Each structure stands twice: as structure tokens, then as C-alpha cells.
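Inside the fold
What follows is each chain in one-letter form.
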Amino acid sequence: MSSNRRRSRRRRRGSGRELPLRTHWLLLGTLAVTLTLALLIEGYTQHMFGSTPDGAGLTQGPSGQVPNAISHGGPVISASGATPRTTRPRPGTVALTFDDGPDPTWTPQILEVLRRHGVHATFFVIGENVTAHPDLTRQIVADGNELGVHTFTHPNLGLIPAWQRTLQLRETQLAIAGATGRTTTLLRPPYSAGNDSLDDADWAAIRQAGSEGYLTVLTTQDTEDWQRPGVLRIVDNGTVHGRAGQIVLMHDAGGDRSESVAALDALLTDYQRRGLTVGTVSATTGLSSPMQPAAARDHWMGLALIWALLLSHWLLAVIGWCMYAAGGLSVLRAVISVVAARRHKRWTRYAWGDPVTEPATVIVPAYNESAGIEAAVRSLVASDHPVEIIVVDDGSTDGTADLVESLGLPGVRVIRQQNAGKPAALNTGIAAASFDLLVMVDGDTVFEPDAVRRLIQPFAEPHVGAVSGNAKVVNRGGLLGRWQHIEYVVGFNLDRRLFDLAECMPTVPGAVGAFRREALERAGGVSDATLAEDTDLTMALCRDGWRVVYEEQAVAWTEAPASLGALWRQRYRWCYGTMQAMWKHRGALLQGGAAGKLGRRGLGYLLLFQVLLPLLAPVVDIFALYGLVFLNPWYVLALWCGFLLLQLLMGLYAFRLDGERPGPLWSLPLQQFVYRQLMYLVVIQSAITALAGVRLRWQRMERYGSLQAPATPASTATHPAAATALTNIPIPAHALPPEPPLADAWVSEAYAAERLGHEYEQPNYPYTQYDYRDQQNAGR
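Computed from a prediction, not measured in an experiment: that's the story for all the values here.

Moving on: the overall build of the chain. Tallying secondary structure elements over the chain gives 27 helices and 20 strands in all. For the chain, the proportion of its 780 residues judged to be buried stands at 54%. Long-range contacts, defined here as pairs at least 24 residues apart, represent 83% of the contacts in the chain between residues at least 6 apart. Counting only carbon and sulfur atoms, one obtains 58% of the accessible surface of the chain, whose full area is about 33700 Å².

So this is what it looks like as C-alpha cells:
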């Protein structure tokens, strides 16, 4: 019955959708393009905005090309034909105009004053403000006022190229059409004043606008309210002397306009007291209505523009919050990791208890590991602790098993099986192991001579079920190797110290880890339900109540991927497998005891710092690029340098803890531009894969043969306990190496010496290999 259930589970797992990865890349590409466009729109509309008020500090250039009829004509200019024409308001009239709006604070107050006095005005609006406040724009028109174009982002039209002028006017016209369903032919160029202030650049812009159907409206009286000189000064500047028609300039946006609101009420009271007629530009000049119904196409395009800009505003706000969250999480992780590492360093000064001298079984799952298996096995044979070594060949096609057998190393046994995956190979080794302490080693890993002995010492505590060792990168040449070396030391090892201290270790790495047989049996062995079988197993042990610890002095050397493609495949499998394991063991969040520590501490940490932070971190980089283009670049660079300094200080401390030279940290700034981005993409791709329900196949890393068995130091001869233990191992028959040519070579002292990596001069002992085996087995 149980086997049927297992087959059923495999069928269900196998039925997961296997979508092509290009679908995910298409989704990622679409999101990236959408985000880029939104930020470009936001940056263009928000931060390319002309912040200088109209008339502030502007100088007039050459004006030789401006016709005399224009420079001395009326403030309303039609430049559409061969002969430009001008007009002015009728005597006794005042055209009241407002620039830079609409503004959600001041425009409603301006409208209220106009309604109270029963007059209308012309509002020259900025397109970006119209898209931000379409309801307010509609209210202006509903009150009987008219609209004019004041460009989209308030640039000086005389200083930008012709194509950009057209774009500025067209965008603003679409915004007005989308908000009100109307179009307008009135234009007031930003930074314009009276006719006599026009220069050649301004005239070129007015001629182009005229060819596109616009009437340019200048001013005859500027209240200079943009300077906020006080209500009385604004009233004085806006007071009309005589009966000549005037176009008065005020502002309903661009800053605090409380003085403008108060001055407007006083001016209207004065105008009406003196019998002046106040109205719109078209009403005071006798022009036909400049506002006409928009074509359906323009109306819908305008609505699309409004929604696109609203979306970009919202997206930038979200990005801002994400940036703060990412920055906060980064600082929090750095502080937590360093504080925990310091406490862990003090804590590890104390011994676990009595030395653990019982032998251990080392299990090496191997699939096409011929490039590095010899170095791995020889390093294990050179251990200063008694071990048996089981190499489980999982259907290799490169002669891995034959290579190991040809070495003829003592205590090494090879088991062959059909290809069934790493979890199955580990379970085979567990079943064949002779001892209760089990060390699991990847086929691309070389152990230091004392690694096994140090790795199993925490088992002196009976509640310890597994131990994580310290994996180091052996192929550190080149930038990619240095970056992975930094990641192993700064990222992985600092995290393991924190997890050890918090009693919530989520992963014992496959490269160097030890387990208690009882713990493995209670967990049901190594599961193949996820791609991260080491994480899945470790979490299962924690949920079963076992303590999992980190032994930093148990050092092993592993090969890291030597190409970006290989690195991507390895980390994609790790990340996706970790997400699978987190989901599988999500029930730990609601449990108590050791399981609860894993759930609320371990899984919470993984979710925050290994899933959410990498998902949010690209926002920091994107916003940095955005800031360099649209914001103050020096401020952005200062923030980036501060973030880099934080990482550098954390790296220096982590390298010091691990006894590593800090030289590779010079490449840390470069790591931010390539390696870190790749890791972010891995997490993003893994998250999309998980959400899509795609099932990935096991991916084996390419081997490069860069591993070498470490030379055994002479100091290993000073471990008499190890030699004695080796002599007294009750070695099972299947753990002995193949029969050597000289039968009398296998005496106990010779065996111990070979295991310690020393040369041994063969004495003339009277008993043979078979006598030794019988003698040892008799002691079992």
C-alpha cells in the first residue's frame, strides 16, 4: 500500500506543468520594458519639468528676426499665414489668465473667487498637471472658463528642438482632450511676457506653433505673484490704469499661491467697482471660441495618456516604498548577521563535551564525477579520524566507479546502481553504512584532514541531529571565482552562524555535512520531493526536534561554477529547491519547539532576506539609474557608496572570522554590476517558476577537475587518539579495499599510517591481511 502511495505521489509530482523557460523570460522582459517605460515617462514628466517661474531671471537674446508688427502689436498673435497678425482686448476689458495649473490646493480656491464675482478666466494649463488632476480640469471648463496650452512639462520652447516643441504641444492637447473631451487653440509659451520681450528663438517657436494651428497669447500686465511679494504688491501690479484692454497674468499653481488668491479677490473688486469687464481671452478680444469638441480618436488617446501617467506615478510611489524596504532590509541583515556572528564566535570557544572518537561513514554520491572524484576520495582517506568511505555510483557513464576502484584505497567501497538521482544515491549509501555517524560529501569536494573529526564533534550532544561544515571555493581564479568566494564567506557562512545561534538552521550543504543515523531514519531518509534535497532534509530534522549546528572549523573545498551559464543553472536549482522546501515545511510556522523556531525564525529569515530582499533589491539599482538621469546624481552616488561601504565592512569582518585574506574584496564594487544582478534574476525567475507551477529536472554542474587532495600536514602524527582509533576500528569485510599484491601489508599499524597519509616501512609481521580482517571482525 505504501509503495502505491509513493508511486501516486510521483505521478502527481511528475504531472506538474513543464512550461518552456522562454515563456518566463518573455514575462520578465515584458515587465522590464513596462517598468522602464513607466520610469522614463515619470522622469520626463516630473523631473524634466521647468522649475523656474515664468519671467524669473530670463534674458532676451537677439531679436532682429521678430517683425516690427509683432514686437509692437497686440498680445494675441496669429502666425499661421505669410503675414502674421495680432490683436488685443477691447477697451474697458480685462482678460484674466492663470498659468501653471491645475493645482489641487489653489485652483479650487481661485475658481471659488471667480464664481463669487461672477466672472470667467482663461487657464493655461500644464499637460502633466492635467493628467494628474483630470477632474479639476473638467471643473474649470464646467464653470465656464476656457483652457489654453502651457506645454506639457514647462520647457522654454525657444531653447528646444522643433520636434520636441511639437511633442510638448501634442501631449498637452491630448491630455486636455482626454480630461474634458475638448481641444483648444490657445497657447502661452512658458517664460513669455510682453511682445517687446520676444527674441528670435521665441519667434521661431511662435511661428511653428502658428503653423500647427495655435494662437499665441502673451501678457500686458504681470502681477509677478510668482515672487510672492505680498498681497498689496500683487494688487498694485495687477491694477489697470486707464481704459485700454489688458491681459493680466497670475498663477494658480507652482507653489504657495495664498497671496494670489487674496489679491485676486481684491483685484476683481476693484475692476468691477471701476466698471471694467473681466472675461476670457476669447471674450475680451472678440475671437470665436477656441475650445471645440475633440475627435473621438484624440479623446481616447488622451484617456490612455492620462492612465499611463497615473500608472507611472503609482508605480514610482511603489518603487519608492520598495527601495526603502530593500534598504532597510539590507541594513537590518548586516546588523543582525554581524551581531550574531560575534556572539557565535564567543560561543564556539566552548567544547561540545567529551571528544567523539567513534568512526563515521562517509557517503559520496557520484554521477559522472571522474574529473574530481579521485581528489575527493583521497582527501577522505587522508582524514585523521577513522572512517569508512562509500562511493555510490549513480549510473555514471564516464567511468567514475572504475576510476575509484582502480585507486585501491583502503576503506573505500564502491556501490553501483542505475541512475536514480542524488537522493536515491544517498539513501543507498545510508542503508549500506556500517556506523551511526554519517558524513555526506559531494563528488566535487575535498576535505581537510581534520574536517571529519571536527564535523562530528557536536554529536557529543545527544540532541544534535546534523552538523553543517564550512564549504570554501577552491577555484577562485578570475572575477567569477572571486565573487563566489565572497558570497560563500560573507553570505552563506554569516547566515549559518546566525541560524546556529537562533537554533533554526535550514540547510546542511551537500558538500560538507554530517548526520546522526537515528535522525535520518526518523525523517524517512533523503526525500526527492524538491530539488534542494539538503534543505528539505535539514528542515525535516528540525521539525522532528533535532538540533542542527554549524561547525566552522570543519573545512571542505568545493568547485564553484566557472561560467555564468553554469552558475545560473546551479543557483536556479538551489533557489527553486529552497522555495519548494519552504512551501513543503510551511506548517512549521504554527508548530512549537524546534519546529516553531525553524518556522518563525528560519523560514521567516529566508522569506525576508533570500526571497523578498532579492526581489526588491533590483528596485534600488533601477532607482539609482533613474536618479542619475532625472535626480541629483551626487546624492544618488553618495547613497550607493554608503551601501557599498556597508557591504565592504561586513565582508572584512566575515573574512576575518573565516581566516581569509581580504584581497578578493577589491572586486566587491564590480560584483554589484554583474554578479548581484544575476542572483536577483535567479530569484525572480525561481519565483515565477514556482508561481507557474513548473517542475524542473535535476541539473548537474559541470566539473573542471580543479580539485586536489590537500597535503596531509606533519602535525597529524601528533594525534595518537586518531591512530589508536584507526587501529581499533571493527572494520566490516565489505569496507576493506581490494586484496593488495602483498598480503602481509595490511597490519594495523600500516593501515593507520596509510590512513594518516604517512609513509610506512613494512616490518616483517607474521600475520596477513586475512589474519587482520579476522582479528578485527572478532572484536565486533
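Once that is clear, we can look at the sheet that holds strand β14 (residues 387-394). In a beta sheet, neighbouring strands pair by backbone hydrogen bonds and run either parallel or antiparallel. Read across the open sheet, the eight strands follow the order β15-β14-β13-β16-β19-β18-β20-β17; overall the sheet is mixed. With one partner strand each, in any of the chains shown, β15 (412-417) and β17 (445-447) form the two edges of the open sheet. Ignoring strand direction, the axes of neighbouring strands in this sheet form an average angle of 30°. As paired elements, strand β18 (residues 464-473) and strand β19 (residues 513-516) share three bridges and run antiparallel to each other. Residue pairing across strands places Val467 opposite Ala514, the latter belonging to β19. Contacts from helix α15 (residues 422-432) reach β13 (360-366), β14, β15 and β16 (437-440) within the one sheet, and its direction differs from that of β14 by about 145°.

What follows is about a positive patch on the surface. On the surface, Arg342, Arg343, Arg346 and Arg656 cluster together into a positively charged patch. In terms of residues, the positive patch owes the most to one element, helix α12 (residues 296-347), which gives three residues. As for its position among the elements, Arg346 is in helix α12. Given a relative accessible area of 41%, Arg346 falls into the partly exposed group.

Here we come to a nonpolar patch on the surface. Together, Leu479, Leu564, Trp666, Leu670, Phe673 and Val674 make up an exposed nonpolar region whose accessible area comes to about 570 Å². Relative to the helices and strands, Leu479 is located in helix α17 (residues 478-502).

This paragraph deals with unusual backbone geometry. In the segment running from Gly101 into Pro102, the intervening peptide bond is cis, with an omega of 0°. In this fold, Pro102 is placed in the loop between β3 (93-101) and α4 (106-117). The phi angle at Glu503 is positive, at roughly 55°, despite the residue not being glycine. With respect to the helices and strands, the residue Glu503 is situated in the loop between α17 and β19. The exposure class of Glu503 is partly exposed, given its relative accessible area of 32%.

Take helix α9 (residues 231-238) next. Every buried residue of α9 is accounted for by Ile234, Val235, Asn237 and Gly238. Projected down its long axis, α9 shows its buried positions confined to an angular sector of 165°, all on one face. The outward face of α9, more than 90 degrees from its buried face, is lined by the exposed residues Leu232 and Asp236. Tucked into the core, α9 has its buried residues touching β9 (221-222), β10 (246-251) and α10 (258-273).

Of all hydrophobic cores here, the largest spans 65 residues; its most connected members are Ile430, Met440, Phe515, Leu520, Met539 and Leu541. If you tally residues by element for this core, the top one is helix α21 (residues 593-630), at twelve residues. Not counting residues within four places of it along the chain, the set of residues in contact with Ile430 comprises Ile363, Leu438, Met440, Arg517, Leu520 and Val526.

The pLDDT averaged across the chain works out to 82; a share of 81% of its residues lies at or above 70. Note that pLDDT drops below 50 for residues 1-21; the model gives that stretch 18 contacts with residues more than four away or on any other chain. Low pLDDT (under 50) marks residues 711-780, which in the prediction has 99 contacts with non-local residues, meaning those over four places away or in another chain.

Here β10 lies mainly inside the structure; six of its six residues are buried. Side chains Gln246, Val248 and Met250 of β10 all project onto a buried face; the interleaved residues Ile247, Leu249 and His251 project onto the opposite face, where all are buried too. As defined by bridge partners, β9 adjoins β10 across two bridges and the pair is classed as parallel. Bridged to Gln221 within β10 is Val248. After leaving β9, the chain enters α9 and then returns to the sheet as β10, a path that is right-handed.

Tallied over the entire structure, the rule returns 29 salt bridges. Glu374 is the salt-bridge partner of Arg378, the closest N and O atoms lying 3.0 Å from each other. With Arg378 and Glu374 both in helix α13 (residues 373-381) and four residues apart, this pair spans about one turn of that helix. Connected through shared salt-bridge partners, Lys345, Lys472, Arg476, Arg497, Glu552, Asp658 and Glu660 make up one network.

For the rest of this paragraph, the subject is the environment of Val452. For Val452, the position within the fold is in helix α16 (residues 451-456). When the C-alpha positions of Val452 and Val555 are compared, they lie 8.9 Å apart, and in sequence the two are 103 residues distant. Ignoring anything within four residues of it in the chain, the contact list for Val452 reads Val362, Ser383, His385, Val387, Val439 and Phe447.

Turning next to the environment of Lys472. Topologically, Lys472 is positioned in strand β18. The exposure class of Lys472 is buried, given its relative accessible area of 6%. In contact with Lys472, other than residues within four places in its own chain, are Val555, Ala556, Trp557, Thr558, Asp658 and Glu660. A polar atom in the side chain of Lys472 sits 3.1 Å from the side chain of Asp658. A distance of 2.7 Å separates a polar atom in the side chain of Lys472 from a polar atom in the side chain of Glu660.

This brings us to the pairing of β15. Across the six residues that make up β15, a large majority, five, are buried. Note: β14 against β15, six bridges, orientation parallel. Opposite Asp394, over in β15, you have Gln417 as the bridge partner. Regarding topology, helix α14 (residues 400-407) serves as the crossover connection from β14 to the parallel β15, and that connection is right-handed.

What follows concerns the packing of aromatic side chains. Taken as a whole, this structure holds eight aromatic pairs when the rule is applied. Taking the centre distance of 4.6 Å and the plane angle of 50° together, the rings of Tyr605 and Phe609 count as tilted. With Tyr605 and Phe609 both in helix α21 and four residues apart, this pair spans about one turn of that helix. In this structure, Tyr605 and Phe609 share a single accessibility class: buried. Aromatic rings pair up to connect Tyr488, Phe492 and Trp574 into one cluster.

Conventions adopted
Residues numbered from 1 in each chain as written. Predicted model: local features only at pLDDT ≥ 70, side-chain atom pairs only at ≥ 80, totals over all residues. Heavy atoms only, no water. Helix = DSSP H or I, 4+ residues; strand = E, 2+ residues; numbered from the N terminus. Buried < 20%, exposed > 50% of the residue type's maximum accessible area, 1.4 Å probe, protein only. Contact = heavy atoms within 4.5 Å. Areas by Shrake-Rupley, 256 points an atom, 1.4 Å probe, with all protein chains shown as cover. Pairing = 2+ DSSP bridges. Axes fitted to C-alpha atoms, helices over the stretch in contact; angles between N-to-C directions. Patch = residues over 30% accessible without salt bridge, like charges linked within 9 Å, V, L, I, M, F, W, Y side chains within 5 Å. Salt bridge = Lys/Arg side-chain N within 4 Å of Asp/Glu carboxyl O. Lys, Arg positive; Asp, Glu negative; His and termini not counted. Charge placed at Lys NZ, Arg CZ, Asp CG, Glu CD. Arc of directions from axis to C-beta. Core = buried A, V, L, I, M, F, W, Y, C linked by side-chain atoms within 4.5 Å. pLDDT = per-residue confidence, 0-100. Right-handed = clockwise from strand over helix to strand, strands pointing away. Polar contact = N/O pair within 3.5 Å; in protein donor to acceptor, adjacent residues only side chain to side chain. Phe/Tyr/Trp six-rings, centres within 6.5 Å; stacked < 30°, edge-to-face > 60°.

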